[in-house]
Structures are given as C-alpha cells and as structure tokens.
Amino acid sequence: MSILVFAEHDNSILKAETLKTVAAAQAIGGDITLLVAGHNCQSVVDAASKVNGVSKVLVADNTAYAHQLAENVSLLVLELASDYEHIIATALTTGKNFMPRVAALLDVTQISDIIAVESSDTFVRPIYAGNAIATVQSLDSKKVITVRATGFDAVATDGNADIVTLDIATDANISAHVSDELTVSERPDLGAAGVVISGGRGMQNGDNFKLLEGIADKLGAAIGASRAAVDAGFVPNDMQVGQTGKIVAPDLYIAVGISGAIQHLAGMKDSKVIVAINKDPEAPIFQVADYGIVADLFDALPELESKL
Amino acid sequence: MKVLVPIKRVIDYNVKVRVKPDNSNVDLANVKMAINPFCEIAVEEAVRLKEAGTVTEVIAVSIGNKSCQEQLRTALALGADRAIQIETDENLDSLNIAKLLQKIVEEEQPQLVILGKQAIDSDNNQTGQMLAALTGMPQGTFASMVKVDGDKVHVTREVDDGLQTIALNLPAIVTTDLRLNEPRYASLPNIMKAKRKPLMVKAAADFGLDLAPRTKLVKVTPPATRQAGIIVETIDELVDKLKNEAKVIS
Ligand SMILES: Cc1cc2nc3c(=O)[nH]c(=O)nc-3n(C[C@H](O)[C@H](O)[C@@H](O)COP(=O)(O)OP(=O)(O)OC[C@H]3O[C@@H](n4cnc5c(N)ncnc54)[C@H](O)[C@@H]3O)c2cc1C
Ligand SMILES: Cc1cc2nc3c(=O)[nH]c(=O)nc-3n(C[C@H](O)[C@H](O)[C@H](O)COP(=O)(O)OP(=O)(O)OC[C@H]3O[C@@H](n4cnc5c(N)ncnc54)[C@H](O)[C@@H]3O)c2cc1C
C-alpha cells in the first residue's frame, strides 16, 4: 500500500505534529510519501527528508501554494491521488481546511481526527467532545484521513528520504490571500510543548496573563486559554484549548481560573498530569485534576513562580 | 443576494452524552436537543447581512427526520425567511449531506452559503469544505469576520498561528468560528411569527443521488476515565508533588 502524508509547515519550519502523523501512517502500514506544498520552503524540505519511515518527499514549491489556500492545495493533491490508497494530514487548521475538499473531489468521505488505527480501513475517533469514542470503518476505496497528533508518538528524524521536485502548479484562481495577523511568541507551540499553563475567565483581564508568563518561562511552557478568556479578548484565538480549539496532551497541564467545562476538558484531558488552581472547591476541573489547590490565583501564582 | 444556511440538530452542548450499554452508539433517548451552536452563529451572520442591506433572503436548510423542523423553526425565529427540510431517517455521512446540499445550492443559487465549522456531536468539521468542492466554490473556513465587497467576500479566519484574511470570488462558502458574532435570543413575537413562515419538506430519496453509506460504525465506547487526584493545601506541597511524585518538573 502507498500512503501520502501532507507535511504541515509555515514555509520555514516543519511542524512537530507531522512526525506524529507519519507515525499514524506507519500504524496503517505501507510505503510513505511526504508532500511539501509551499513556496520558498527549502528548509521544510530538508527537515522532511529526515523524517523516519518516509521513503520519498514530493516538493511542490510554487506561489500558488505560498499560503496553502484550500482551493489550490486540494487540486494538487487530487493530481497525485491516483498513486495512493491513503491520503493523510494532521488535524490542524491547514489540514482541516483543505482535506475534506480533497475527499469530496475524490468522491469519498473523510474520517476526521483519528486517535488510533485498528486496521487499514478502520479507525478510532473521539466524538461528542471526547465523551464517546467511535470505531469507524471506511467503505470507500480511497481513505482520506486527518490525524489528531496527540494520539500518536512522534517518529525519529534521522532518516534519509529521496527528494522529488514536482512540476505542478494548480491555481484555481477563485481565492486570494490578503493578509495575516500572526501571534508572535518565543514560547513553544501549544501542540508541541511538554508543559502547558492555561488561564480562564478567572484571570479577569489580559494583563493578568503576565502572572502565567513568569511560570511559563521557568517551566519552558506554552500558554493556553479557555474559550471564555479568548471571547473576552484577554488573549488571541490561537491560544484556545478545547473541543473547538487546540487539542493538547502535555506531560503537565496547569489550569488556572478555569472551571472545567466539557468543551475545555475535551482539549486537555489526555495530559499526563493535570494541576488545577481554582478558588471554587466545587469546580468540575478538580474531578480530572491529579493535584488541585483551592486558592485565589492572585495569591497562588506569584508564590508558585517564586518556588519553582 | 440570497444566503443559504445549512443547520444541524444536535445534542444540547450542556449535556454530557452517555454511551449505550451495548456499545452500538450513544444514547440520545430523552436527551435535550438544540441547533448546533456553530449553525446558530451562521444564522445570526446571515440575518445581520440582511439587516445591513447586503442580503435579500436567508434560507435555512436541515437534513434529518421530522424533528429537525424544530431547529428550522428556531432559525426562522432568529430571522431566516424560509426553511427547507430534507427528510431522511438515515444518519448520512458528511459527503452525502454535502451532495444533498449541493442540490439545494443548484436550485436556489445563493451567493453565499454559511455553515457551522463543526457539528458538536460527530465533531467532523468537513461538510462545508466538501460542499465547496462539489460546487466548485472557494471556501472561507473558521471565519471570525465576513465582509461582502462587490463580487468578492473577505473572510478573516481563525488559524493555528493567529488570523488570516483571504478574498473569495462570489459565490462562496463560509464556515463559522466562535468569534464571528454573538447570536441573539429569539423574542416571543418572533417565535410566534416563525410558525407562519414557509417550511418546505423534500424527501432525500427524490434527488436521484446515490446516498449509500461510506462508513460503518463498528462500535462506540466510553472514554478512559481519569481518577480524580488529591487536593493539596499549600504551594510548597504542590511543588513537592510535581517534583518528587509526578516527576514532571525538576
Ligand atoms: C458515531 C458516528 C461517527 C461518524 N463518523 C463519520 C465519519 O467518520 N465520516 C463521515 O463522513 N461521517 C460520519 N458520521 C456521520 C456524520 O457525522 C453526520 O451524521 C452528518 O450529519 C454529517 O455532519 P457532520 O456532523 O459530519 O458535520 P460537520 O462537518 O462537523 O458540520 C459542519 C456543518 O455542516 C452542516 N451540516 C452538517 N450536517 C447537517 C445536516 N444534517 N443538515 C444540514 N446541515 C448540516 C452544518 O452547517 C454544520 O455546522 C458519523 C456519525 C456518527 C453518529
Ligand atoms: C460550541 C461551543 C464550543 C466551545 N468550545 C470550547 C473550547 O474549545 N474550549 C473552551 O475552553 N471552552 C469552549 N466552550 C466554552 C465552555 O462551554 C465554557 O464556557 C468555557 O470553557 C468556560 O471558560 P472558563 O472555565 O474560563 O470560565 P468559567 O466557567 O466562567 O470559569 C471561571 C473559573 O475561574 C474561577 N475563578 C474566578 N476567579 C478566581 C480567582 N481569583 N482565583 C481562582 N479561581 C478563580 C471560578 O471559580 C471558575 O471556576 C465552548 C462552548 C460552546 C457552546
């Protein structure tokens, strides 16, 4: 069997989640090709060629793919599709955007957000905010799949795959990139960090997130947030952890001033160790926390920072 | 211009679903159902475009059995002008939902189709993108801002690294994210008025589509449960536990 895996990147860095998606491809079993679609993305190609388990890296470096517009990338994948039984991408915003488009163009449905592989056509995926786990068999001849990276362990990066440059430029000419407003941060990516500290409505405003920063610096942590904190404008949207935000599973997750709604739990309850800091002893977050402390966060956070 | 808003009837977001003892599916008997929250945001956006004079008609469509008429009435109470129910007892795969919606797009010729980014029950996040592919339209997924500008629509999207703005040729597909708007509550007079707005019923079987299932649900199981841990009294104790018991910090 042949498997095409889409590499997630920003034209300069190959996202760590791709290493986990390749692990999912290995669990399916077959010859794995990694596709790098972008523009001026040589550093990504170099990184991709080192991913273990990958036999070939296909490179589509063209202005049409600079911003990975769904309309253009889906046409590219469609051109390549006949060589593969499985087409796989990470369930991050790029993959979630263009992959269902690929599926529909191929007249197949998609199996979204898988966390385990049962066999080459049967996959496990969380539904209902992770309150049920479905095992789904695809009846389509071609499988189009997105992978929840937290379900798989990253492959190593000491491989040496062949690099093949594609001479394809599929521009649908129906969409255009206008601008980006990206969040710049020195901290690790939420999806890749070993420690995540998140603030909720209890933080009261964006300024108070500084209280988390000192701790994050000491622990090398990424900073996340609940939907309530994002909706209130304390922090940007890309920090939202949960059912409809980012899914994380770090070694340590610290929830501060977060009540623990099912939609938030859906994004973090697979973390190895969970700590909750909340002044309400009845807050549901304590039901999933390994260590809870009933305290006012404005007292607890400065003390925690000083004692780390 | 017309806007089409596909809406899905789902479990109320406050309800924690239970798995049936025979692991065949989740148990939805006597569970509170509601319009999918992202679809509610989609209806609100369409109605605001109408109130702003950009849009002339808002059509809500839902695929499901008779009970989804309840959610269509909600959409009408929120300001949609008319509704279409595509009747089926099957739990259709996303691709088949998209194929049925494509038929409605062909009939109604909307300039904009606004869907939710994800249904909070099956959490697929794919129907809008599939409809875009089938109709050949561009797509602005996970929208936090939508601005119609002549023959284009500008969509600001919530992406992993922040926000991205793209320009799409109309007609186009938009899927909503949480920050697009805050849906209104339906007023009592509008709920009453909604009862008299047109709701057309069509049978899924009458569209001449092959709607054979593309997936088979093998089983549904409860997730692994986490044991609640302990409450520590002091920060010193917490730091000690993290260092020496959990060994997650050094
Ligand atoms: C346990 C289980 C597992 C499933 N697994 C899969 C699977 O792996 N692959 C698959 O293709 N299908 C699967 N299905 C079927 C599918 O999830 C839904 O039944 C179907 O309604 C498609 O919607 P969605 O939830 O996928 O929509 P999403 O793509 O998550 O929803 C996006 C938007 O599409 C619109 N929409 C969705 N459904 C409707 C509708 N019925 N009427 C009008 N608008 C609608 C709404 O605007 C919604 O906000 C599964 C169903 C179950 C119960
Ligand atoms: C469609 C949909 C999708 C959603 N998706 C997500 C998602 O992806 N992620 C997400 O997080 N939510 C999501 N939600 C929202 C979710 O339902 C909750 O509303 C949200 O998670 C609540 O955020 P919170 O815990 O910060 O706020 P609250 O529930 O208001 O909790 C605040 C907590 O802070 C505590 N607190 C207050 N002051 C202090 C203090 N001084 N010291 C210590 N503790 C204090 C309080 O005791 C309380 O427990 C979604 C909802 C819907 C409908």
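Residues numbered from 1 in each chain as written. Chains lettered and ligands numbered in written order. Predicted model: local features only at pLDDT ≥ 70, side-chain atom pairs only at ≥ 80, totals over all residues. Heavy atoms only, no water.

### Examining the confidence of the model for chain B
The criterion, for reference: Each residue carries a pLDDT score, the predictor's confidence in it, ranging from 0 to 100.
Chain-level statistics for chain B give a pLDDT mean of 97 and a share of 100% at 70 or above. The ipTM value of the predicted complex is 0.96, and its pTM value is 0.96.

### A short note on the site of ligand 1
Note the cut-off: We define proximity as follows: a residue is near a molecule or strand when any one of its heavy atoms falls within 4 Å of that partner. Polar contacts here mean pairs of N or O atoms no more than 3.5 Å apart (in protein, one a potential hydrogen donor and the other a potential acceptor; neighbouring residues in sequence count only if both atoms are side-chain atoms). Only the protein chains shown count as cover for residues, and the accessible areas themselves come from Shrake-Rupley with a 1.4 Å probe. A run of H or I in DSSP becomes a helix once it reaches four residues, and a run of E becomes a strand once it reaches two; helices and strands are each numbered from the N terminus. Note on residue categories: nonpolar means Ala, Val, Leu, Ile, Met, Phe, Trp, Tyr, Cys or Pro, charged means Asp, Glu, Lys or Arg, and polar means any other residue, Gly included.
Taken together, 30 residues form the shell around ligand 1, and within it T109 of chain A together with P6, K8, N91 and S122 of chain B come nearest. What surrounds ligand 1 is not a single chain but chains A and B. Between I63 of chain B and ligand 1, the recorded distance is 2.9 Å, taken from a backbone N or O atom to a nitrogen atom. Here an oxygen atom of ligand 1 and a backbone polar atom of A119 of chain B are 2.8 Å apart. Contact with the protein chains removes 96% of the 920 Å² of surface that ligand 1 exposes when unbound. At the level of elements, β5 (110-114) and β7 (122-127) of chain A together with β6 (57-64), α3 (94-108), β8 (112-116) and β14 (215-221) of chain B are the ones that each hand at least two residues to the shell around ligand 1. In terms of residue count, the dominant contributor to the shell around ligand 1 is β6 of chain B (three residues). Within the shell around ligand 1, the residues separate by chemical class into 13 nonpolar, 14 polar and three charged.

### Regarding empty space enclosed by the protein
Empty space among the atoms becomes visible once a probe the size of a water molecule is rolled across them. Rules: Using only the protein atoms, space was sampled on a 1 Å grid; points where a 1.4 Å probe fits but cannot get out form cavities, open sets with protein on both sides within 12 Å along at least five of seven lines form pockets, and lining residues are those with an atom within 4 Å of a point. Grid points are joined across faces, edges and corners, and a volume is the space filled by probe spheres set on the points.
Counted by the stated rule, this structure contains two cavities of 30 Å³ or more. In this structure, the largest cavity encloses a volume near 80 Å³. What lines the largest cavity is Y128, A129, N131, Q243, I262 and Q263 of chain A together with I11, D12, Y13, V15, V17 and I120 of chain B. Across the lining of the largest cavity, the residue classes tally to eight nonpolar, three polar and one charged. Of the volumes computed, that of the second largest cavity is approximately 30 Å³. Lining the second largest cavity, in full, are R148, T150, I247, V248, A249, A266, G267, M268, K269 and D270 of chain A. Broken down by class, the residue content of the lining of the second largest cavity amounts to five nonpolar, two polar and three charged.

### Description of the pattern of salt bridges
Rule in force here: Basic side-chain nitrogens of Lys or Arg form a salt bridge, by our definition, when they fall within 4 Å of a carboxyl oxygen of Asp or Glu.
A complete count under the given rule lists 26 salt bridges over all chains for this structure. Among the salt bridges present, the one from D81 of chain B reaches K50 of chain B, with a minimum N-O distance of 2.6 Å. Note that D81 of chain B is positioned in the loop between α2 (69-78) and β7 (82-87) and K50 of chain B in helix α1 (residues 37-51), a separation of 31 residues in sequence. Several salt bridges share partner residues, and in doing so they unite D107 and D140 of chain A together with K99 and R214 of chain B into one network.

### A word on the side chain of T146 of chain A
Put simply, the test is: Every residue pair with non-hydrogen atoms within 4.5 Å of one another is taken to be in contact.
Within the secondary structure, T146 of chain A is located in strand β9 (residues 143-147). Excluding residues that lie within four positions of it along the chain, T146 of chain A makes contacts with A89, T90, A91, G95, M99, Q110, I111, S112, D113 and I114 of chain A.

### So, the interface of chain B and chain A
The cut-off we apply is this: Joining two parts hides part of their accessible area as seen by a 1.4 Å probe, and the buried area is that hidden amount summed over both.
Listed per partner, the contact involves 79 residues of chain B and 82 residues of chain A. Interface area for chain B against chain A, summed over the two sides, is near 6,800 Å², with a carbon-plus-sulfur share of 54%. Among the residues chain B hides against chain A, the three largest losses belong to D160, R226 and I235 of chain B. Together they make up 12% of the total. Linking chain B with chain A are seven salt bridges, by the criterion used here. A salt bridge links D290 of chain A to R226 of chain B, with the shortest nitrogen-to-oxygen separation between them at 2.8 Å.

### Describing the nonpolar core
Selection criterion: Residues grouped as a nonpolar core are buried Ala, Val, Leu, Ile, Met, Phe, Trp, Tyr and Cys residues, joined through side-chain atoms within 4.5 Å. For each residue, the accessible area found with a 1.4 Å probe, counting protein chains only, is set against the maximum for its type, and the residue is called buried under 20%, exposed over 50%, and partly exposed in between.
In terms of nonpolar packing, the biggest core is built from 51 residues, with L35, L76, L80 and F98 of chain A together with I86 of chain B touching the most fellow members. Filtering out sequence-adjacent residues up to four positions away, F98 of chain A remains in contact with F6, A70, V73, S74, V77 and A89 of chain A. V5, A7, A48 and V117 of chain A belong to the second-largest nonpolar core, a separate cluster that totals 42 residues.

### Considerations on the sheet that holds strand β13 (residues 222-225) of chain A
Where we set the bar: By definition, two strands form a pair when at least two bridges between them are found by DSSP. Between N-to-C directions, angles span 0 to 180 degrees; the directions come from axes that are lines fitted to C-alpha atoms, helices contributing only their stretch in contact.
One open sheet accounts for six strands, arranged β13(A)-β12(A)-β14(A)-β15(A)-β16(A)-β15(B); its pairing is parallel. Because the sheet does not close on itself, it has two edges, and the strands there are β13 of chain A together with β15 (230-231) of chain B. Bridging between strand β12 (residues 195-199) of chain A and β13 of chain A involves four bridges; their strand directions are parallel. Considered in β13 of chain A, the bridge of I197 of chain A is made with I223 of chain A. Packing against the sheet, helix α5 (residues 210-219) of chain A makes contact with β12, β13 and β14 (252-256) of chain A, and its axis sits at approximately 175 degrees to β12 of chain A. Running at roughly 130 degrees to strand β15 (residues 273-278) of chain A, helix α8 (residues 297-307) of chain A makes contact with β14 and β15 of chain A of the sheet.

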